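Coordinates in review
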Amino acid sequence: QLPLALLLSLLMAYIVWLATANRMSLSWQISYGITAREFMVYCQPLINSKTGDCNGIELLLRWHNPRQGWIPPDVFIPLAERQNLIAPLTRFVLREVVRQLPQMPACPSFHIAINVAASHFHNREIIDDLQRLWWPANPVPQLVVELTERDSLPEVDQRVVTHLHKIGVKLAIDDFGTGHSSLSYLKTLSPDVLKIDKVFTASIGTDAINATVTDMVISLAQRLNIGLVAEGVETAEQAVYLREKGVDVLQGYFYARPMPLSDFPKWLSEHKLT
Ligand code: C2E
Ligand code: CA
Ligand code: CA
Ligand code: CA
């Protein structure tokens, strides 16, 4: 008995030793960080461009590593995707939002958007996770899966997309117009929403070529009857422009910075809700 307990505590001490002095690779630190509760779920309000009301949130991961401080998602997400650690992180986000659902607005017009990597669609894994973690909570808000175009959208299994639609989950294509963008996704994925990347929002009034692409993405979505969300809205000028073009939903520092999910109910109580 004693030797086993001793062995276990030695092992634990070794893991802590590894973790505490940068002796682990970043991918090891991600796995360790999940169990050590170093990750946090933040959210950013989605604003109805016509009414100015908040009608949803996007969930965004944050990682505070006690050794290295804040590590930006742009650093750890691509790494997690390559190391097969993205699904555990997404499950963490799902569990956190489900835990905080009682504090969220309980109306079907309220949208909760979660970022999901294309690799999570393999073998219906995302469906299994939603069935296990999301649906048992009997959530009223509308779930939106934001799929990034980063590199692997062509791999997305169309049957999974069909299944998501069948169980009432909406699909958004994130960062539309960047990366390995292809217009064929509009057909193969039948997205409900296109998210206009912040590069395009930033181009309004400054960069003629990107601004033209922005206009084309907007009219494309409108002709195909696909919803539009513009991210990275930082100025009133951008907000007015996008609203006048008919973009339904706006997101950006102009309205609110990402905040801890637990701070959102208070923020919302200070803002109107449709
Ligand atoms: P994204 O999905 O395109 O998320 C929007 C990013 O824009 C967020 O960066 C957000 O903080 C930032 N942002 C919001 N408003 C503004 C603005 O007005 N101006 C500017 N310059 N930026 C704004 P963040 O949180 O650093 O996340 C970066 C990326 O990491 C995300 O881009 C997403 O691709 C990925 N990511 C974040 N959380 C998750 C997650 O839980 N799962 C997955 N798979 N990816 C995630
Ligand atoms: Ca996103
Ligand atoms: Ca985006
Ligand atoms: Ca982006």
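See the structure printed just above.
Note that the coordinates shown come from a computational prediction; the quantities given were computed from them, not determined experimentally.

Quick look at the overall build of the protein chain
Summing up its helical and strand segments, the protein chain has 11 helices and 10 strands in all. Taken over the C-alpha trace, the protein chain has a radius of gyration of 20 Å; the compact-globule value for 274 residues is 19 Å, and the two agree within 12%. When the 274 residues of the protein chain are sorted by exposure, 49% land in the buried category. About 13800 Å² of surface is accessible on the protein chain, with carbon and sulfur atoms providing 57% of the total. Here the protein chain holds 24 positive side-chain charges and 27 negative ones, and the gap between their average locations is 5 Å.

Structural notes on the nonpolar core
Formed by 73 residues in total, the largest nonpolar core has its most connected members in L59, F121 and F264. When residues of this core are assigned to their parent elements, the largest contribution, 7 residues, is made by helix α4 (residues 86-99). If sequence neighbours within four positions are ignored, L59 has contacts with V41, Y42, C43, V93, V97, I112, A113, I114, N115 and L261. One finds A113, A172, V193 and V249 within the second-largest nonpolar core, a separate group that totals 7 residues.

Section: the packing of α4 against helix α5 (residues 125-134)
Between two packed helices, the angle of one axis relative to the other and the distance separating the axes together describe the packing. Two elements in contact, α4 and α5, have axes whose closest approach is 10 Å; the angle formed by their N-to-C orientations is 25°. Relative to α5, α4 is oriented roughly parallel. Taken as a pair, α4 and α5 cross one another with a handedness that is right-handed. In this structure, α4 uses A87, R91, L94, R95, V97 and V98 to contact α5, whose residues at the interface are E125, D129, L130, R132, L133 and W134. A per-class count over the contact of α4 with α5 returns 7 nonpolar, no polar and 5 charged.

With respect to the coordination of the calcium ion (ligand 3)
Protein-derived coordination of the calcium ion (ligand 3) comes from D174 (OD), D175 (OD), E231 (OE) and E231 (OE), at a distance range of 2.1 to 2.7 Å. In this structure, the calcium ion (ligand 3) lies 3.9 Å away from the calcium ion (ligand 2), the two metals sharing D174 as a donor. In this pair, D174 is assigned in strand β6 (residues 170-176) and E231 in the loop between β8 (227-230) and α10 (236-244), connecting sequence segments 57 residues apart. Considered together, D174 and E231 belong to a single accessibility category, that of buried residues.

Focus on the pairing of strand β4 (residues 111-116)
Working note: regular strand, side chains alternate between the two faces of the sheet. Judged from the 4 bridges that link them, strand β2 (residues 54-65) and β4 form a sheet pairing that is parallel. From the neighbouring strand, G56 faces β4, where its bridge partner is H111. After leaving β4, the chain enters α5 and then returns to the sheet as strand β5 (residues 142-148), a path that is right-handed.

Re the coordination of the calcium ion (ligand 4)
Every protein donor of the calcium ion (ligand 4) is accounted for by D175 (OD), D197 (OD) and E231 (OE), and the metal-donor separations fall at 2.6 to 3.1 Å. Along the chain, the residues that donate to the calcium ion (ligand 4) are spaced as D-x21-D-x33-E. Between the calcium ion (ligand 4) and the calcium ion (ligand 3), the interatomic distance is 3.4 Å, and D175 donates to each metal, bridging them. Residue D175 is found in strand β6, and its partner E231 is found in the loop between β8 and α10; the two are separated by 56 residues along the sequence.

Observations regarding the packing of helix α2 (residues 26-35) against helix α3 (residues 73-82)
In the contact formed by α2 and α3, the axes pass within 10 Å of each other and the chain directions differ by 95°. For the element pair α2 / α3, the angle class is roughly perpendicular. Residues L26, S27 and I30 of α2 touch α3, and the partners they reach there are V75, F76, L79 and A80. Residue composition of the contact of α2 with α3, by class: 6 nonpolar, 1 polar and no charged.

Overview of a nonpolar patch on the surface
A contiguous nonpolar patch, built from L4, L7, L8, L11, Y14 and W17 and spanning about 660 Å² of accessible area, is present on the exposed surface. With respect to the helices, strands and loops of the structure, Y14 is situated in helix α1 (residues 2-20).

Brief notes about the site of ligand 1
Neighbouring ligand 1 are 22 residues, the closest being Q44, R62, K198, E234 and Y253. Note that an oxygen atom of ligand 1 is positioned 3.2 Å from one of the side-chain N or O atoms of E58. In the environment of ligand 1, an oxygen atom lies 3.0 Å from a nitrogen or oxygen atom belonging to the side chain of D174. With the chains in place, 90% of the 800 Å² that ligand 1 exposes on its own is no longer accessible. Judged by its atoms lying within 2 Å of the grid points, ligand 1 is housed in the largest pocket. Those elements giving two or more residues to the shell around ligand 1 turn out to be β2, α3, α4 and β6. The dominant element in the shell around ligand 1, judged by the number of residues it contributes, is β2, at 4 residues. Looking at side-chain class alone, the shell around ligand 1 contains 9 nonpolar, 4 polar and 9 charged residues.

Rules of the game
Residues numbered from 1 in each chain as written. Chains lettered and ligands numbered in written order. Predicted model: local features only at pLDDT ≥ 70, side-chain atom pairs only at ≥ 80, totals over all residues. Heavy atoms only, no water. Helix = DSSP H or I, 4+ residues; strand = E, 2+ residues; numbered from the N terminus. Rg over C-alpha atoms; globule rule 2.2 N^0.38 Å. Buried < 20%, exposed > 50% of the residue type's maximum accessible area, 1.4 Å probe, protein only. Areas by Shrake-Rupley, 256 points an atom, 1.4 Å probe, with all protein chains shown as cover. Lys, Arg positive; Asp, Glu negative; His and termini not counted. Charge placed at Lys NZ, Arg CZ, Asp CG, Glu CD. Core = buried A, V, L, I, M, F, W, Y, C linked by side-chain atoms within 4.5 Å. Contact = heavy atoms within 4.5 Å. Axes fitted to C-alpha atoms, helices over the stretch in contact; angles between N-to-C directions. Parallel < 35°, antiparallel > 145°, perpendicular 65-115°, else oblique. Left-handed = near helix turned anticlockwise from the far one by under 90°. Nonpolar A, V, L, I, M, F, W, Y, C, P; charged D, E, K, R; others polar. Donors = N, O, S within 2.8 Å, 3.2 Å for Na, K, Ca; no water. Pairing = 2+ DSSP bridges. Right-handed = clockwise from strand over helix to strand, strands pointing away. Patch = residues over 30% accessible without salt bridge, like charges linked within 9 Å, V, L, I, M, F, W, Y side chains within 5 Å. Salt bridge = Lys/Arg side-chain N within 4 Å of Asp/Glu carboxyl O. Near = heavy atom within 4 Å. Polar contact = N/O pair within 3.5 Å; in protein donor to acceptor, adjacent residues only side chain to side chain. 1 Å grid on protein atoms, 1.4 Å probe; cavity = no way out; pocket = protein on both sides within 12 Å on 5 of 7 lines; lining within 4 Å. Sits in = over half its atoms within 2 Å of the grid points.

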